[in-house]
Structures are given as C-alpha cells and as structure tokens.
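Next come the chains, spelled out residue by residue.
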Amino acid sequence: MTSDKRLISNQFPRASKYHPEWVIASVSGGANSLWMTEWLTTVMDLRPGMRVLDLGCGRAASSIFLHREFGVQVWATDLWFSASENIQRIRDAGVLDGVFPIHADARSLPFAAEFFDAIVCIDSFIYYGTDDLYLNYLAQFVKPGGLLGIAGAGLVQEIEGLLPEHLQKWWTQDLWCLHSAAWWRRHWERTGIVDIELADTMPDGWQVWLDWQRVVAPDNETEIKVLEADSGNYLGYVRLVGRRQGGAKLEEYCWPDTMRSFPPQYTKQPLLRT
Ligand SMILES: C[S@@+](CC[C@H](N)C(=O)[O-])C[C@H]1O[C@@H](n2cnc3c(N)ncnc32)[C@H](O)[C@@H]1O
C-alpha cells in the first residue's frame, strides 16, 4: 500500500484503490476517468460477464476499472488514443482476457447490432452525442432493455444569452458542447429510443473538478481560477442513464456510417435504349 494520499476520496472508494501514478499516467485530457466511472456505475446495474462498450475510453483506464470492479467484458473503443498503446496498459493490468482495445470513430462503429448489454461514455459523449441523430445510431449496438450511460464535464445550468464574463478567459470553441443534465434528458427523452432512468448533476461537482485539477494540472491557473470564480454556478459534472426501449423503431437511412444501411448493390444495366 502506497503512502501517497493523492486522489484518495471517501466519495470514490473503488477508485481510491488505484495508484495515483497509474491514474495520472492514464489521463486522456478530461476529468478523473475513474471518479466519473465510479459515479456513473453506482446507477448502472453491471453484472459479471456482461458485454460493455466503453466508448471514447481514451487511455482505457475506465475500461480496466470496469472489468476489474464488475467482472464485465469491455470493448475499449477510442478515436484519438492508440489501441496499441492501450493494449500495453491492459496487459500490464493483467486484464487481457476481459478488455479489448479498438481504434474506431463513434460514428462508424465496427460492432454487430445488439452486441452489448451496456454502453458507457466517460467525458466523451459531448464530442459526438449532441447530434440529434446520434442516439438513433448508437442505440442499435445495445440490446433492447440494455443501458446507455454517460458522465463527465457539463453545465449545472444552460448558458442563456451571452457567455458569462467570468468564463470568457477560459472558454474555447470546443466547450459549446457542454450541457446541463436537463438538456441531456430532453435530448434523449423526446426520441422515445430510451427510457430515462436518471439525469443529474454531481453535488459540488465543481469542487471535485478542482480537486482533480490541483493534482493533475496544478499549473493550469486559468482553469483553476475560473472554477473558483464560478463556484458551481455553471461548471460541474453531469450524468445520464437511459434504457433502450425495445419498441422504438430506429431510422437506419440517416446513420452516419451509411455503408451499413446502403451496402453496395451494383447491378449492370444497359446505358441507352437501343
Ligand atoms: C476528454 S477525453 C476522455 C477520455 C476518457 N474517457 C477519459 O475520461 O479519460 C475525450 C475522448 O473522446 C474521444 N472521442 C472524441 N470524438 C470521438 C469519436 N468521434 N469517436 C470515438 N471517440 C471519440 C477521444 O478520442 C478522447 O479519448
């Protein structure tokens, strides 16, 4: 047991077992992926042997965590990080038989329909999931009755009108994809593709964000100052869990990987009337 007390938190007892150096070395640019995964999985019923898609897994720390903590099989899928790097982390964690690294775009997934029992996205869904048509695509990969869950950075309340002044110094174009739990609920609920089990905001999530930031990037003064100035007014962590409705018909023609819905079907025909 290490005497290093960094990242130990009563709020996240499972994540607190993992070595801080391992967690920090697995950073993929966002929140503490173990904290987010632990928070999300307290409201997702994961059972040993289930097949889980960890979509946008980054360096796959969440995938290793999911397998170790719940005994699920995990397809650790990501676009910006290398599957060949991830397999080394997976091998060193001793979970090669239960975590499978895949390099793929969330808009063109190489999986069979209804293959997964559950899909989780940790601090990643914001990059593709705000598209109104995306849930209609992703839902095909989970069995009817299966769970889809997302958790990560978001807003406590939507920004109406101009960007608040205290956020301006830090704000970049990518941050427009941050939304509130209520926004995400509506985004999914109105489709009827899933029944919403839960959509909420982490109490004092900004403090958790700040705690993480102070450990992982203490020199990032801009973000730290913005979090302090905001004090949970806008910035925080959100999560959303939906269960796929068996009865909802998915609309295949508008899926982003159109090759799936329109396979090549060339039939030679005469060009001209004779
Ligand atoms: C902020 S990082 C979070 C990574 C990891 N889940 C974590 O919590 O550490 C966002 C992740 O989303 C992934 N991502 C963004 N767009 C994607 C896409 N179109 N398909 C698959 N993954 C995507 C990136 O590859 C990146 O790893």
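Preceding block: the structure.
Please read these numbers as outputs of a predicted model, since none were measured by experiment. (Residues numbered from 1 in each chain as written. Predicted model: local features only at pLDDT ≥ 70, side-chain atom pairs only at ≥ 80, totals over all residues. Heavy atoms only, no water.)

Caption draft 1: Representation of the pattern of salt bridges within the structure. Scanning all chains against the criterion turns up 17 salt bridges. In this structure, the salt-bridge partner of R239 is D200, at a minimum N-O distance of 2.7 Å. Of this pair, R239 sits in strand β7 (residues 235-244) while D200 sits in strand β6 (residues 194-201), and the two are 39 residues apart along the sequence. Salt-bridge contacts for K225 lead to E221; the nearest nitrogen and oxygen are separated by 3.0 Å. Remark: E221 and K225 occur in helix α9 (residues 221-230); sequence separation between them is four residues, near one turn of the helix. We classify E221 as partly exposed; its relative accessible area is 49%. Ionic contacts of the salt-bridge type, sharing partners, join the residues D4, R6 and E21 into one network. (Salt bridge = Lys/Arg side-chain N within 4 Å of Asp/Glu carboxyl O. Helix = DSSP H or I, 4+ residues; strand = E, 2+ residues; numbered from the N terminus. Buried < 20%, exposed > 50% of the residue type's maximum accessible area, 1.4 Å probe, protein only.)

Caption draft 2: Region of the structure containing the site of the ligand. Residues in contact with the ligand amount to 19 residues; listed here are only the nearest, G56, D78, W80, A106 and I122. One of the backbone nitrogen or oxygen atoms of W80 is found 2.9 Å away from an oxygen atom of the ligand. Take R107: an N or O atom from its side chain is 3.5 Å from a nitrogen atom of the ligand. In isolation the ligand offers 590 Å² of accessible surface; the protein chains occlude 97% of this area. (Near = heavy atom within 4 Å. Polar contact = N/O pair within 3.5 Å; in protein donor to acceptor, adjacent residues only side chain to side chain. Areas by Shrake-Rupley, 256 points an atom, 1.4 Å probe, with all protein chains shown as cover.)

Caption draft 3: Looking closely at the packing of helix α2 (residues 33-41) against helix α3 (residues 61-70). Interaxial distance between α2 and α3 falls to 9 Å at its minimum, and their mutual angle equals 45°. In terms of orientation, α2 lies oblique with respect to α3. Both α2 and α3 take part in a crossing whose hand is right-handed. Facing α2, whose interface residues are S33, L34, T37, E38 and T41, α3 presents A61, S62, F65, L66 and F70. Grouping the amino acids of the contact of α2 with α3 by side-chain chemistry returns five nonpolar, four polar and one charged. (Axes fitted to C-alpha atoms, helices over the stretch in contact; angles between N-to-C directions. Parallel < 35°, antiparallel > 145°, perpendicular 65-115°, else oblique. Left-handed = near helix turned anticlockwise from the far one by under 90°. Contact = heavy atoms within 4.5 Å. Nonpolar A, V, L, I, M, F, W, Y, C, P; charged D, E, K, R; others polar.)

Caption draft 4: Summary view of the sheet that holds strand β5 (residues 142-155). Strand order in this open sheet of seven strands is β3-β2-β1-β4-β5-β7-β6, and the pairing throughout is mixed. Looking at strand neighbours, the two that pair on one side only are β3 (99-103) and β6, the edges of this open sheet. The sheet shows a mean angle of 15° between the axes of neighbouring strands, direction not considered. Both strand β2 (residues 73-78) and β3 contribute to a ladder of five bridges, which runs parallel. What sits directly across from W75, in β3, is F100. Strand contacts of helix α8 (residues 205-216): β5 and β7, with the helix running at about 110° to β7, the strand carrying the most contacts. (Pairing = 2+ DSSP bridges.)

Caption draft 5: How the structure looks around α9. Inspection of α9 places E223, I224, V226, L227 and D230 among the buried residues, and these make up the whole buried set. Angularly, the buried residues of α9 cover 165° about the axis, an arc narrow enough to put them on a single face. Turned more than 90 degrees from where α9 packs its buried face, K225 and A229 sit exposed. In this structure, the buried residues of α9 make contact with α6 (165-168), α8 and β7. After α9 finishes, the residue S231 shows a positive phi value of roughly 50°. (Arc of directions from axis to C-beta.)

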